[in-house]
Amino acid sequence: MIVSEDMKRSRQSSTASPMPVLTVSRATTGFIQRGHPWVRPDRFTRGLDTLTCGEPCLLIDERGMGQALALADPEAPVCARVYSTRTDRPFDPASAAEHAWERRKPLHNDPATNCYRLVHGEADGLPGLQIDRFGPCLSAVITARCIMPYLDVILGVLAARLPGATVVIHEHLDDVRRAAVVSRRWPNSNAADPSQIIEGHELGVHYPLRPGAGIASGLYIDQRMNRAWLGTRCRGKSVLNLFAYTGAFSLSLLSAGAARAIDVDLGGPALERATTAAARNGLSERHTTVHGDARTFCASDRTTHDIVIIDPPTAAQGAGGWLLRRDFPELLRLAWERVAPGGLLFATCNTLGKPFPLRETLMTVCGHGQFTNPPGPGPDVPQLRGFPEGLPFRCAALVKPAH
């Protein structure tokens, strides 16, 4: 085997034993060089049986050339996750957590917002880990076992930056349709209280949140920039929010000057939380909820709205069920009919599985209109080149002709 200079430097930089090596295929090497941080084992993978979960390793190609450094996860479908493309950098979770905190410095000093992402997995050099701040609480979501040996160190660094913060850990190692998310407090590992309510705020709007209730606390912070963008276009406008959940889009736009907003969702408890938040922010008189199916509502209601928002899940039960790939095109068509002349349809979908062709579908089912570009995730949700799995959603906005 040819030992590259990168590999030599990596071994020489360690004061302990030489870093173990994982050989990856030519195809995997190509993915890594294009920026993708995941290694899926194939028939050319060598050395996986010598690694333990969470162990740092040097990824080398079939010629022995160093490509990146990764954390091993031998039993998982993704058997290694890159934490650095520099092959002379040992894994230092404390420094990575400090760096993640510092790159969010503008948000730490924003009096209008204390809900945002502190760690975005591979893009912050902490593979398999997402940490959100919800006011006085840190919510950590683990998506890969390889990060678990370092969790105490990482959370210790961030908790020290927020003295007195409550810290909740959610183990989300599988699809929620196959295995429940396990939530616990840190550092004592007691079960998290799903009913505990804390208050956070985003763009000046206050939200009652439940960080102990699983990965859905009541606010999806990755849509903050889209809410701010829509807020600059909403003054005096009417808003229809489909799959509204707890109403964050509506409440944000009402706070920014929208004339009225309707939240439509099949989740009664979520709508109750939207109603509570509207009252907390003094927005109740302009806020309405409809407990029902978005497709049924759009097909039966003849009212038009200046801004229509659709932020659906990939799948859901109730009212015949919802499968995004099957049902989204028809809902987009129905929603377009509810957009007033000169109004805007904002649509988004998450990136789980095969990407949904959102813009292409809008062009097909709406037939006319002018695309405008919403910002997407904010700087606290950084993206890696060549890693579409790191993008939490796709979004598009279409403006209807005025006449």
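All values reported here derive from a predicted model rather than from experimental measurement.

A. Representation of the pattern of salt bridges in the model. Inspection of the entire model under this criterion finds 18 salt bridges. A salt bridge links Asp 124 to Arg 104, with the nearest nitrogen and oxygen atoms 2.8 Å apart. One end of the pair, Asp 124, is in the loop between strand E6 (115–120) and strand E7 (129–134); the other, Arg 104, is in the loop between helix H3 (93–103) and helix H4 (105–108), and 20 residues separate them in sequence. Across the pair, exposure class does not vary: Asp 124 and Arg 104 are buried alike. Arg 280 is the salt-bridge partner of Glu 199, the closest N and O atoms lying 2.9 Å from each other. Here Glu 199, found in strand E11 (residues 198–202), pairs with Arg 280, found in helix H8 (residues 268–280); they are 81 residues apart in sequence, far enough to count as distant. The class for Glu 199 is partly exposed, based on a relative accessible area of 36%. Judged by its relative accessible area of 42%, Arg 280 falls in the partly exposed class. Salt bridges sharing common partners tie together Glu 98, Glu 102, Lys 105 and Arg 161.

B. Spotlight on the packing of aromatic side chains. Per the counting criterion, the structure on display carries eight aromatic pairs. Centroid distance Trp 38 to Phe 387: 5.2 Å. Interplanar angle 70°. Geometry classified as edge-to-face. Taken as a pair, Trp 38 in strand E2 (residues 38–39) and Phe 387 in the loop between strand E20 (370–372) and strand E21 (393–399) lie far apart in primary sequence, 349 residues in all. We note that Trp 38, like Phe 387, is buried. Here the aromatic rings of Tyr 220 and Tyr 245 are separated by 5.5 Å at their centres, their planes lie at 45°, and the arrangement is tilted. Here Tyr 220 is found in the loop between strand E12 (205–209) and helix H6 (224–231), whereas its partner Tyr 245 is found in the loop between strand E13 (238–242) and helix H7 (248–255), with 25 residues between them in sequence. Note on Tyr 220: relative accessible area 44%, which makes it partly exposed. Each residue in the set Phe 243, Trp 322, Phe 328 and Phe 356 is aromatic and connected to the rest through ring pairs, giving one cluster. Taking NZ or CZ as reference, Arg 34 lies 5.0 Å from the ring centre of Phe 31, over its face. Across from the ring centre of Trp 336, 4.9 Å away, lies the NZ or CZ of Lys 400, which sits over that ring.

C. Quick peek at the environment of Ser 189. As for its placement among the helices and strands, Ser 189 is situated in the loop between strand E10 (182–186) and E11. Considering only alpha carbons, one finds Ser 189 and Ile 169, 20 residues apart in sequence, at a separation of 8.6 Å.

D. Spotlight on the packing of H6 against H7. Where H6 contacts H7, the two axes come as close as 9 Å, and the packing angle between them is 40°. One way to sum up the angle between H6 and H7 is to call them oblique. Taken as a pair, H6 and H7 cross one another with a handedness that is right-handed. Residues Asn 226, Arg 227, Leu 230 and Gly 231 of H6 lie in contact with H7, whose contacting residues are Ala 248, Phe 249, Ser 252 and Leu 253. Classifying every residue of the contact of H6 with H7 gives four nonpolar, three polar and one charged.

E. Broad picture of unusual backbone geometry. Note that the residue after Trp 186, namely Pro 187, is joined by a cis bond; omega there is 10°. Looking at the secondary structure, you find Pro 187 in the loop between E10 and E11. If you check the backbone angles, Phe 243 has positive phi at about 55° while not being a glycine. Mapped onto the elements of the fold, Phe 243 is located in the loop between E13 and H7. Phi at Tyr 245 takes a positive value of approximately 55°, unusual for a residue other than glycine. Note on Tyr 245: relative accessible area 22%, which makes it partly exposed.

Basis of the calculations
Residues numbered from 1 in each chain as written. Predicted model: local features only at pLDDT ≥ 70, side-chain atom pairs only at ≥ 80, totals over all residues. Heavy atoms only, no water. Salt bridge = Lys/Arg side-chain N within 4 Å of Asp/Glu carboxyl O. Helix = DSSP H or I, 4+ residues; strand = E, 2+ residues; numbered from the N terminus. Buried < 20%, exposed > 50% of the residue type's maximum accessible area, 1.4 Å probe, protein only. Phe/Tyr/Trp six-rings, centres within 6.5 Å; stacked < 30°, edge-to-face > 60°. Lys NZ or Arg CZ within 6 Å of the ring centre and 35° of its normal. Axes fitted to C-alpha atoms, helices over the stretch in contact; angles between N-to-C directions. Parallel < 35°, antiparallel > 145°, perpendicular 65-115°, else oblique. Left-handed = near helix turned anticlockwise from the far one by under 90°. Contact = heavy atoms within 4.5 Å. Nonpolar A, V, L, I, M, F, W, Y, C, P; charged D, E, K, R; others polar.

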